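Here is what each chain is made of, one letter per residue.
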Amino acid sequence: MTLRFYTFVFFLLFLIALFGIVLSGCSDSGVIPEDTEPIDTTSVPMQISDFTSAEDCKSCHPQYYDEWSGSSHAYAIKDPVFQALRNVGQSLYIGSLDGACTKCHSAAGMRTGDIKWGPYQVDQLHPVSQEGVTCDICHSISNVHTISNAGFDLAPSDTKFGSTQDPDSNSFHKSEYSPLFESSDLCGSCHDLKTEDDVPLEAAYLEWETAGFGMTAKTCQDCHMPEYIGEMIPGGQQRTLHKHTFVGGAIPLIDFPNKAEHMLLVEEMLQSALSMSLSAPTTVTTGTVDSLTVSLTNDKTGHKVPTGTPFNRQMWLSVLIKDEIGNIIFESGQFDANGDLKNEYSEFPERDSALYNAQSTLIRRNGTHADGTWDAATIDNRSIAPNQTKNVLYLFEIPDGLSGTLEAEVKLRYRSFGPYFLRDLGLDSLLPIPIVDMNVDTITITIE
Ligand code: HEC
Ligand code: HEC
Ligand code: HEC
Ligand code: HEC
Ligand code: HEC
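Here the structure is a predicted model, which is why all the values come from computation and not from measurement. (Residues numbered from 1 in each chain as written. Chains lettered and ligands numbered in written order. Predicted model: local features only at pLDDT ≥ 70, side-chain atom pairs only at ≥ 80, totals over all residues.)

Peer 1: Explain the overall build of the protein to me, please; I cannot follow it from the model alone.
Peer 2: When its secondary structure is counted, the protein shows 14 helices and 18 strands. Out of the 448 residues in the protein, the part that is buried amounts to 36%. Look at the contacts in the protein between residues 6 or more apart in sequence, and 63% of them connect residues 24 or more apart. (Helix = DSSP H or I, 4+ residues; strand = E, 2+ residues; numbered from the N terminus. Buried ≥ 20, exposed ≤ 12 C-beta atoms within 10 Å, placed from the backbone. Contact = placed C-beta atoms within 7 Å.)

Encoded structure:
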């Protein structure tokens, strides 16, 4: 995408926004984001130079650097989808949305004023701001006062907080044990996003807490920072350590460190999320309408699936029922010519009326679909809750005169965005988006 294109889109959106505000008196179009006033950077007590770059941690903690550098945390502000979406929101609110996005995606840049109010070029920011959710953000979190909306206190200094009780001393930094590092609260401070009216739009922590996981053993770290035995620095003591790959469902869509390895981890993660089972009659008669039921149970995660940004994620069922010579007698969850599902986002008229897609929708105060979180008053969340089973029923007709057997192939598929979404943002160059098959199963039906 060229800069000129962005400038043009910006200008266009600016005009539309201005026009909209003049017409509506700036009232009912959406929820005004929290940070509507520019921050006075002169009174911010922290400087960006108070934070240490991950490059400096690398000399002693190369393994951590390697794992983190391929994670979504390292991608958080380089992410072209983040940038494009922020620019759209930004133009609608004429520049007042800055803090609302960067307070989680680049907290050091935002809180020190390195990220100035208004448009910015990521590659012109201080290197630490460009590192997004970098080592020295998490390891400088001294307290979580609110679980959501970046409700953490940052205390950058030469003391790094962590969960090791008796770390060896070193010449570069002091270490301090903090129980927060073993707690889901640390993650919840960024991973939950609420509107001004306290409506949760992103809610991994809330879902985890509601499911009763707060009472049991498993924290976010247990699943997303798995334990292993190793050395914190080369030649150091053998200890129980924690992986810093932060694997979820998404992978960077641009060239990024360790992308192929990270993709394998993502596949493993998604394939260990849900259980799927199929049920259909073993024998059917020609000319009748029969049913196939697909049951999806969220029995292995600590939150809804999908979670995080469930309004972006597509998790859907692909169903193909074929006769013995391969003719399709029923299908659902297949693509249109653009690679989109045949639902309201498709540019073509054909609709897949049986489609099961767990993607959520953001809703404005007036009930219409919102373009982004800045504009949403609530969410129609269609994700599957922990320990919940979702039964999806498909009805199919056996054509007259057919004999032999039918085979039904069912796939539960996942991708981080629908192609339409990236096209709308002018990000066609990032297509195609990788698809992961989370569960695959087949069932054979005999025709009497
Ligand atoms: C000069 C080498 C060196 C550098 C550079 C360095 N560390 Fe360390 N770090 C160590 C050593 C040594 C330990 C303790 C190892 C042990 O006890 O096995 C340690 C321990 C830690 C711990 C564990 C603290 C705890 O209580 O759990 C954290 C967290 C940490 N470092 C983060 C960082 C971060 C973040 C950076 C970059 C800003 C960094 N380190 C840079 C040498 C270094
Ligand atoms: C019992 C294991 C488990 C626990 C506990 C757990 N997760 Fe997950 N998480 C998973 C699995 C498996 C996936 C992949 C399925 C998915 O994408 O929803 C996942 C996916 C995610 C995703 C990516 C979702 C997407 O589709 O984009 C985020 C974000 C996330 N988890 C955050 C958290 C946070 C925050 C916590 C703690 C409040 C947490 N997880 C606790 C297992 C767990
Ligand atoms: C998203 C937050 C986050 C980021 C980013 C992060 N860490 Fe950590 N780190 C943690 C947490 C949480 C723990 C403790 C996990 C636990 O006890 O379950 C930890 C533990 C550690 C430890 C102690 C040993 C261990 O494995 O438990 C070291 C050393 C460390 N991190 C270094 C780094 C370095 C170096 C970077 C950047 C390359 C980094 N961390 C980035 C959250 C983070
Ligand atoms: C300072 C804010 C912040 C903190 C603290 C934080 N995260 Fe994140 N996390 C993010 C952001 C922002 C992203 C998404 C970046 C992107 O892709 O644009 C993310 C992405 C992730 C993903 C990948 C999601 C996906 O869809 O694949 C996982 C998994 C994850 N974080 C787990 C954790 C865990 C576990 C903790 C606590 C130990 C934690 N995070 C703490 C901000 C944070
Ligand atoms: C409260 C902290 C927080 C705020 C504020 C926030 N985000 Fe995020 N964002 C996250 C976390 C955490 C994730 C990871 C969830 C996941 O990937 O499933 C994320 C994920 C995303 C993703 C998906 C990344 C990917 O590539 O898969 C996009 C795009 C995004 N955010 C854009 C924005 C924009 C634009 C804004 C401002 C309107 C914003 N975010 C505000 C925390 C935040």
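Peer 1: How should I be thinking about the site of ligand 5 in this particular structure?
Peer 2: Close contacts around ligand 5 come from 26 residues, with Leu85, Cys101, Cys104, Ala250 and Gly308 the closest. Each of domain 1 (31-268) and domain 2 (273-447) gives at least three residues to the shell around ligand 5. (Near = placed C-beta within 6 Å. Domains from an automatic or database assignment.)

Peer 1: Would you mind going over the site of ligand 3 with me for this structure?
Peer 2: Not every one of the 23 residues close to ligand 3 is listed here, only the nearest: Cys135, Cys138, Ser163, Gln221 and Leu241. At the level of secondary structure, the elements contributing two or more residues to the shell around ligand 3 comprise helix H2 (54-58), helix H3 (62-69), helix H9 (135-138) and strand S8 (238-242). Among the elements that take part in the shell around ligand 3, H3 stands out by supplying 3 residues, more than any other. Here the residues of the shell around ligand 3 sort into 13 nonpolar, 9 polar and 1 charged. (Nonpolar A, V, L, I, M, F, W, Y, C, P; charged D, E, K, R; others polar.)

Peer 1: What is the right way to look at helix H13 (residues 259-271) in this model?
Peer 2: Turn by turn, an α-helix covers 3.6 residues, leaving residues three or four places apart pointing in a common direction. The end-to-end C-alpha separation of H13 is 18 Å, in line with the 18 Å expected for 13 residues at 1.5 Å each. For H13, the complete set of buried residues consists of His262, Val266 and Leu270. On an axial view of H13, the arc spanned by its buried residues comes to 75°, and they lie on one face. Away from the buried face of H13 by more than 90 degrees, exposed residues Ala260, Leu264 and Glu268 are located. Tucked into the core, H13 has its buried residues touching strand S17 (404-415) and strand S18 (436-447). (Expected span 1.5 Å × (residues − 1). Arc of directions from axis to C-beta.)

Peer 1: What is the right way to look at unusual backbone geometry in this model?
Peer 2: Most peptide bonds are trans, and most residues other than glycine sit at a negative phi. In this structure, the amide linkage connecting Val305 to the following residue, Pro306, adopts the cis form with an omega of -10°. Along the chain, the position of Pro306 falls in the loop between strand S11 (289-297) and strand S12 (314-322). Residue Pro432 is bonded to the preceding Leu431 through a cis peptide linkage, with omega at 0°. Following the sequence through the fold, Pro432 ends up in the loop between helix H14 (419-424) and S18. Here Asp198, not a glycine, exhibits a phi torsion of approximately 70°, which is positive.

Peer 1: Any chance you could explain the environment of Ile435 here in plain terms?
Peer 2: Along the chain, the position of Ile435 falls in the loop between H14 and S18. Contacts of Ile435, omitting those with residues within four sequence positions, involve Arg413, Tyr414 and Arg415.

Peer 1: How should helix H5 (residues 80-92) be read in this particular structure?
Peer 2: The end-to-end C-alpha distance of H5 is 19 Å, a good match for the 18 Å that 13 residues give at a rise of 1.5 Å each. If you check which residues of H5 are buried, you get Val81, Gln83, Leu85, Arg86, Val88, Gly89, Gln90, Ser91 and Leu92.

Peer 1: Help me understand the nonpolar core in this model?
Peer 2: A general trend in soluble globular proteins is that nonpolar side chains are found buried together. Counting 34 residues, the largest nonpolar core has Ala107, Ile137, Ile141 and Tyr205 as its most contacted members. Of all the secondary-structure elements, those providing two or more residues to this core are H2, helix H4 (72-75), helix H7 (107-112), H9, strand S1 (141-144), strand S2 (152-154), helix H10 (185-191) and helix H11 (204-210). For Ile141, the contacting residues outside a window of four places in its chain are Phe152, Asp153, Leu154, Phe161, Leu180 and Leu186. In terms of nonpolar packing, the next biggest core, distinct from the first, is built from 27 residues, Leu292, Val319, Tyr356 and Leu412 among them. (Core = buried A, V, L, I, M, F, W, Y, C linked by C-beta atoms within 7 Å.)

Peer 1: Looking at this structure, I do not really get the sheet that holds S11. What am I missing?
Peer 2: In any sheet, the strands associate via hydrogen bonds between backbone groups, in a parallel or an antiparallel arrangement. In spatial order, the strands read S9-S11-S16; together these 3 strands make up an open sheet with antiparallel pairing. Two strands in the sheet have a free side with no partner beyond their single neighbour: strand S9 (275-279) and strand S16 (389-397). Strand-to-strand, the axes of this sheet are offset by a mean angle of 20°, without reference to chain direction. Here 5 bridges tie S9 to S11, and the two strands are oriented antiparallel to one another. Pairing of Leu278 across the sheet is with Val294, part of S11. (Pairing = 2+ DSSP bridges. Axes fitted to C-alpha atoms, helices over the stretch in contact; angles between N-to-C directions.)

Peer 1: Looking at this structure, how should I read the sheet that holds S12?
Peer 2: If you trace the 5 strands from one edge of the open sheet to the other, you get S10-S18-S17-S12-S13, paired in mixed fashion. Each of the sheet's edge strands pairs with one partner strand only, and the pair in question is strand S10 (283-284) and strand S13 (328-332). Of the pairings in the sheet, the one linking S12 to S13 comprises 4 bridges and is antiparallel in character. Its bridge partner lying in S13, Leu320 is registered against Glu331.

Peer 1: So what exactly am I meant to see when it comes to the pairing of strand S6 (residues 200-203) here?
Peer 2: Pairing analysis gives 3 bridges linking strand S5 (residues 192-194) to S6, with the strands arranged antiparallel. Considered in S6, the bridge of Lys194 is made with Pro200. Taken together, S5 and the strand that follows it, S6, pair antiparallel across an intervening segment of 5 residues, in which Asp198 is found at a positive phi of about 70°.

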